[in-house]
There are 2 protein chains.
Amino acid sequence: MMINITEAAEYFLENDCFLLLCHASPDGDTVGSASALARVLASMGKKVQIKCGDRFTKDFDILLKGIPEQDFEPEHIVAIDVADSKLLGTEFYALYGDKIELCIDHHASNTLYAENICLEPDSASAAEVVYLIIEEMKAEITPEVATCLFTGVSTDTGCFRFVNTTVRTFEIAAKLAEKGAETFKVVQIFFETKTKTYAALERLALNDMRFYFSDRCALICITRDMFEKTGSNETETTSLANLTRMVEGVLVGVLMKEQKDGSFKISVRTNGDVDASEICSRLGGGGHPGAAACTLSMPRQKAINCVLKEVEAELDSVRIDSAD
Amino acid sequence: MMINITEAAEYFLENDCFLLLCHASPDGDTVGSASALARVLASMGKKVQIKCGDRFTKDFDILLKGIPEQDFEPEHIVAIDVADSKLLGTEFYALYGDKIELCIDHHASNTLYAENICLEPDSASAAEVVYLIIEEMKAEITPEVATCLFTGVSTDTGCFRFVNTTVRTFEIAAKLAEKGAETFKVVQIFFETKTKTYAALERLALNDMRFYFSDRCALICITRDMFEKTGSNETETTSLANLTRMVEGVLVGVLMKEQKDGSFKISVRTNGDVDASEICSRLGGGGHPGAAACTLSMPRQKAINCVLKEVEAELDSVRIDSAD
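Throughout this document, residue positions are counted from 1 along each chain, in the order its sequence is written. Ligands are numbered from 1 and chains lettered from A, in the order in which they are written. Only residues with pLDDT of 70 or above have their local features reported here, since the model is predicted, and side-chain atom pairs are shown and tallied only from 80 upward, although totals for entire chains, interfaces and linings are computed over all residues. Excluded from the side-chain calculations are hydrogens and water; all other atoms, namely the structure's heavy atoms, are used.

**Considering the domain arrangement of chain A**
Formally: Start and end positions for the domains come from either an automated domain assignment or a database one.
Under the domain assignment, chain A is made up of domain 1 (5-192) and domain 2 (196-323). Centre-to-centre separation of domain 1 of chain A and domain 2 of chain A, based on C-alpha positions: 32 Å.

See the structure below:
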């Protein structure tokens, strides 16, 4: 059943003994939103736990420190920022996948797996939804709660850079800053720090970047060898996809990542009218006009050629459209 | 004479025939603020011109397009975001340096060269000050004006990442987004696009990055040869200084840039308690605790050794302090 912000607020006010679940490969939004809510519920004397199928790295210390660890049998299981129960991770999916009483989310793609769903697809982050629920609960937003919510709001918008950033995003950021959120510290941790392994991988990636079709396409191919040389891994490659698209004049940015089985995961990012999902769907994948993905199981050079062929076709079709 | 926001608003309402001056090496704040004000004044039927000692690059088209070009003899000369009349550039300093009737600024370091000064040092950008003046004038904030102001607000805060970002910054960003500012387009132009020459220089810079003192110091040295190889130049090096500091564990980031005369301009960025101005002042320069600079006229390796010696001394002093 879909429930609104008021009903979600009532649910938290009326119940006790919550287990809040984050998605696997946790990010600033799932952990920031869950930890904000946990702090508010704990301050009301309620029992609450936060769990995640994957380990919380030390980046998240700023969000989790000081939340009292409580040992009790949870009665109400809530998933936060989890669009699909499979995203809880294998172990937690098996444990909790069919036991989620409430899901708080902002993904339009939510698979509606939970008993109750509080879904705000116009929100840039789950933290915006949790902010509205906390306001509706008339709970106090302490500086710590504000820091947790600001982390969600800023990380899911690329620090106010993504197209999902709205008037309300800025309004909530203003209110959280006013409540004492450590905005600068959050930005330093989540946006201004690169791990050494990522910095090394980025360097190799930039050295590998090649240009095609009069420099309208930039392509980076990350091999297993690069992961091994740098000690980096798949989880650190998210922002590499954008590096290609950022170069002036580039309309299509391609990031290829060699998988352990030798196949290549391919992320396509586009500028202007070039449709990334067109390129990827012709290769068996899919996505959005500005960002799409597919997987190719073939040798490196063959995979590159395959992608470039579709990139060229898409670039040509845009050129023809523009000439109309 | 220092004047407040209300007095500045009255000044614009009561007068006509304005020349608005930007600082040389124009950035998003000086051009965004001046073009917002020019649009508002023109919409009131007033005569207004915008000028800059340096050429406006095409990045600024989004701010300047559609502002009517008017030919008239200016009666009131206003400098915007110009902390020192010398920053008008050599030619404009000679032409207008002693003729500035009003300066609108946010730099605490303003040299008070103008007849009247509307200075708000707590503002992260001149655009915040201009926003307040436009509000006080009860003028309409059109989508175009909002885009100009948003450019100033976002560029001078590194897109809401710098420590100067305040509650009011976010509040104004929300209001500008509400008024129809093209926030995403601004971000794409000013934050998500690298020129090809910069991208090439960045690649060489990252390849050159070396680590010292158990990786607590990262150093990049840009030689004339690198500028020549990439076609890049000094104006594109601003963000390179931050690349060093962003690597996890780095407390001191050093960027050295070889000048045409063979000397080295040195930018130091620090994290935590390490004082960049301490390092640079011992080398004849100065600055702030987190960011400082100096110039060394000596061969490359000698300059590197000189800087590293002071970096080590500063790292040692912090270690001793912490051990107290």
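**Here's the deal with the sheet that holds strand 6 (residues 210-212) of chain B**
Residue and element names in this part refer to chain B. Note the following rule: Any two strands with at least two DSSP bridges between them are considered paired. The way it works is that DSSP assigns letters per residue, a run of H or I at least four long becomes a helix, a run of E at least two long becomes a strand, and they are numbered from the N terminus. Pairs of residues are marked as contacts when any of their non-hydrogen atoms sit within 4.5 Å. Note on method: axes are straight lines fitted to C-alpha atoms, helices fitted across the in-contact stretch only, with angles between N-to-C directions ranging 0 to 180 degrees.
Spatially, six strands are ordered 6-7-8-9-11-10 in an open sheet, and the strand pairing comes out mixed. Edge strands, defined here as strands with exactly one partner in the open sheet, are strand 6 and strand 10 (286-287). In the sheet, strand 7 (residues 217-222) pairs with strand 8 (residues 252-258) via six bridges, with the strands oriented parallel. When the sheet's bridge partners are listed, Cys221 is paired in strand 8 with Met256. Contacting strand 6 and strand 7, helix 9 (residues 196-208) crosses the sheet at an angle of about 135° to strand 7.

**Re the nonpolar core**
The following threshold applies: What we call a nonpolar core is a set of buried Ala, Val, Leu, Ile, Met, Phe, Trp, Tyr and Cys residues that are connected through their side-chain atoms within 4.5 Å. For the exposure calls, accessible area comes from a 1.4 Å probe over protein chains only, and a residue counts as buried if that area is under 20% of its type's maximum, exposed if over 50%, partly exposed in between.
In this structure, Phe12 of chain A together with Phe12 of chain B are the most contacted members of the largest nonpolar core, which totals 115 residues. A total of eight residues in this core trace back to one element, the largest contributor, which is helix 5 (residues 126-136) of chain A. Setting aside chain neighbours within four positions, we find Phe12 of chain A in contact with Phe18, Leu37, Leu41, Lys46, Val78, Leu102, Ile104, Ile133 and Met137 of chain A. Grouped together as the second largest cluster of nonpolar side chains are 34 residues, Ala199 of chain A together with Leu206, Leu243 and Val247 of chain B included.

**Description of helix 5 of chain A**
Residues and elements named next belong to chain A. The buried fraction of helix 5 amounts to nine of the eleven residues, a majority that puts the element mostly inside the structure. Burial in helix 5 covers these residues: Ala126, Ala127, Glu128, Val129, Val130, Tyr131, Leu132, Ile133 and Ile134. In the segment just after helix 5, Lys138 is the residue with positive phi, at about 55°.

**Here's the deal with the packing of aromatic side chains**
Condition: The rule is short: rings of Phe, Tyr and Trp, with Trp giving its six-membered ring, pair when the centres are within 6.5 Å, and they are stacked under 30 degrees, edge-to-face over 60, tilted in between.
A complete count under the given rule lists 23 aromatic pairs over all chains for this structure. Geometrically, the ring pair formed by Tyr11 of chain B and Phe12 of chain B is edge-to-face, given 5.2 Å between the ring centres and 85° between the ring planes. On the basis of relative accessible area, Tyr11 of chain B is assigned to the buried category, the value being 11%. Both rings, one in Phe12 of chain B and one in Phe18 of chain B, keep their centres 5.2 Å apart while their planes meet at 50°; by these two values the pair is tilted. Here Phe18 of chain B falls in the buried class, since its relative accessible area comes to 0%. Joined through ring pairs, the aromatic side chains of Phe150, Phe160 and Phe170 of chain A together with Phe150, Phe160 and Phe170 of chain B make up one cluster.

**Notes on the pairing of strand 7 (residues 217-222) of chain A**
Residues and elements named next belong to chain A. For strand 7, the tally of buried residues reaches six of six residues, placing the bulk of the element in the interior. Burial of the side chains of strand 7 extends over both faces: Cys217, Leu219 and Cys221 are buried on one face and Ala218, Ile220 and Ile222 on the other. Between strand 6 (residues 210-212) and the antiparallel strand that follows it, strand 7, lie four residues; Phe213 among them carries a positive phi value of about 50°.

**Thoughts on the confidence of the model for chain A**
To keep it simple, the criterion reads: Values of pLDDT, ranging from 0 to 100, describe the predictor's confidence in every residue of the model.
Here chain A averages 94 in pLDDT, and 98% of its residues register 70 or above. Prediction confidence for the complex, expressed as pTM and ipTM, is 0.91 and 0.90 respectively.

**So, the side chain of Thr151 of chain A**
Residues and elements named next belong to chain A. For Thr151, the location among the structural elements is in helix 6 (residues 143-155). Its relative accessible area of 0% is what places Thr151 among the buried residues. Beyond its immediate stretch of four places on either side in the chain, Thr151 contacts Gly28, Leu63, Val186 and Phe190.

**Notes on the side chain of Thr30 of chain B**
Residues and elements named next belong to chain B. Here is the rule: We call two N or O atoms a polar contact when they sit within 3.5 Å, provided that within protein one can donate a hydrogen and the other can accept it, with sequence-adjacent residues counted only if both atoms are side-chain atoms.
Tracing the backbone shows Thr30 in helix 2 (residues 28-43). Owing to a relative accessible area of 0%, Thr30 belongs among the buried residues under this scheme. At a separation of 2.8 Å, a polar atom in the side chain of Thr30 contacts the main-chain carbonyl oxygen of Ile80. Discounting residues that sit within four places of it in the chain, Thr30 has contacts with Cys22, His23, Ile80 and Asp81.

**Observations regarding helix 7 (residues 167-178) of chain B**
An α-helix turns once every 3.6 residues. As a result, residues three or four positions apart point the same way. Keep this limit in mind: What a helix should span is 1.5 Å times the count of its residues minus one.
Compared with an ideal rise of 1.5 Å per residue, which puts twelve residues at 16 Å, helix 7 of chain B spans 17 Å between its outermost C-alpha atoms and is within 8% of the ideal. Regarding helix 7 of chain B, the residues found buried are Thr169, Phe170, Ile172, Ala173, Ala174, Leu176 and Ala177 of chain B. Residues of helix 7 of chain B that are buried make contact with helix 6 and helix 7 (167-178) of chain A together with helix 5 (126-136), helix 6 (143-155) and helix 8 (183-191) of chain B. For helix 7 of chain B, the N-terminal capping position is held by Thr166 of chain B, with its side-chain oxygen 3.2 Å away from the main-chain nitrogen of Arg168 of chain B. Downstream of helix 7 of chain B by one or two residues, Gly180 of chain B has phi in the positive range, about 100°.

**Quick look at the pattern of salt bridges**
To keep things clear, this is the line we draw: Salt bridges are counted wherever a side-chain nitrogen of Lys or Arg sits within 4 Å of a carboxyl oxygen of Asp or Glu.
Evaluated as defined, the whole model comprises 27 salt bridges over all chains. A salt bridge links Arg168 of chain B to Glu128 of chain B, with the shortest nitrogen-to-oxygen separation between them at 3.4 Å. Here the residue Arg168 of chain B occupies a position in helix 7, and Glu128 of chain B occupies one in helix 5, the gap between them amounting to 40 residues. Overlapping salt bridges, with partners in common, bring together Glu278, Arg282, Glu310 and Glu314 of chain A in one network.

**Looking at the interface of chain A and chain B**
Worth spelling out the cut-off: A simple way to read buried area is as the amount of 1.4 Å-probe accessible surface that goes missing from two parts once joined, with both sides added.
Taken together, the 36 residues of chain A in the interface contact 36 residues of chain B. Counting each side, the surface lost to burial between chain A and chain B is near 3600 Å², with a carbon and sulfur contribution of 59%. Contact with chain B buries area across many residues of chain A, yet Arg161, Phe170 and Met246 of chain A alone supply 22% of it, more than any other trio. At the boundary of chain A with chain B, the tally comes to six salt bridges.

**Re a negative patch on the surface**
Residue and element names in this part refer to chain A. Note the threshold: Nonpolar side chains (Val, Leu, Ile, Met, Phe, Trp, Tyr) are joined into patches within 5 Å and like charges within 9 Å, using only residues with over 30% relative accessible area and no salt bridge. Residue-level accessible areas treat just the shown protein chains as cover; the underlying method is Shrake-Rupley with a 1.4 Å probe. For this count, His and the chain ends are skipped, Lys and Arg are scored as positive, and Asp and Glu as negative. By convention, the charge on Lys lies at NZ, on Arg at CZ, on Asp at CG and on Glu at CD.
Residues Glu7, Glu10, Glu14, Glu135 and Glu136 make up a contiguous surface patch of negative charge. Of all the elements, helix 1 (residues 5-14) adds the most residues to the negative patch, at three residues. Note that Glu14 resides in helix 1.

**Some thoughts on the relation of the copies chain A and chain B**
Put simply, the rule reads: The copies were overlaid with a least-squares fit restricted to C-alpha atoms from residues scoring a pLDDT of at least 70 in each copy.
Structural alignment of chain A on chain B gives an RMSD of 0.2 Å, achieved by rotating through 180° and translating 0.1 Å along the axis. The relationship between the two copies is best expressed as a two-fold rotation axis. In this assembly, 100% of the residues forming the interface of chain A have copies in chain B that are likewise at the interface, indicating an isologous arrangement.

**Some remarks on the pairing of strand 5 (residues 116-119) of chain B**
Residues and elements named next belong to chain B. Because side chains alternate across strand 5, one face comprises the buried residues Asn116 and Cys118, and the other comprises Ile117 and Leu119, equally buried. Note: strand 4 (residues 102-105) against strand 5, four bridges, orientation parallel. Within strand 5, the position partnered with Leu102 by the bridge is Asn116.

**A few points about the sheet that holds strand 5 (residues 116-119) of chain A**
Residues and elements named next belong to chain A. Overall, parallel pairing links the five strands, which are arranged 2-1-3-4-5 in an open sheet. For this open sheet the edge positions go to strand 2 (48-52) and strand 5, each flanked by a neighbour on one side alone. Between one strand axis and the next, the sheet turns through 20° on average, direction left out of account. Where strand 1 (residues 18-22) and strand 3 (residues 76-80) come together, four bridges link them in parallel fashion. Looking at strand 3, one finds that Leu21 is bridged to Ala79. Of the strands in this sheet, strand 1, strand 2, strand 3 and strand 4 (102-105) touch helix 2 (residues 28-43), which is tilted by about 165° from strand 1. Running over the sheet, helix 5 touches strand 3, strand 4 and strand 5 and is turned about 115° from strand 4.

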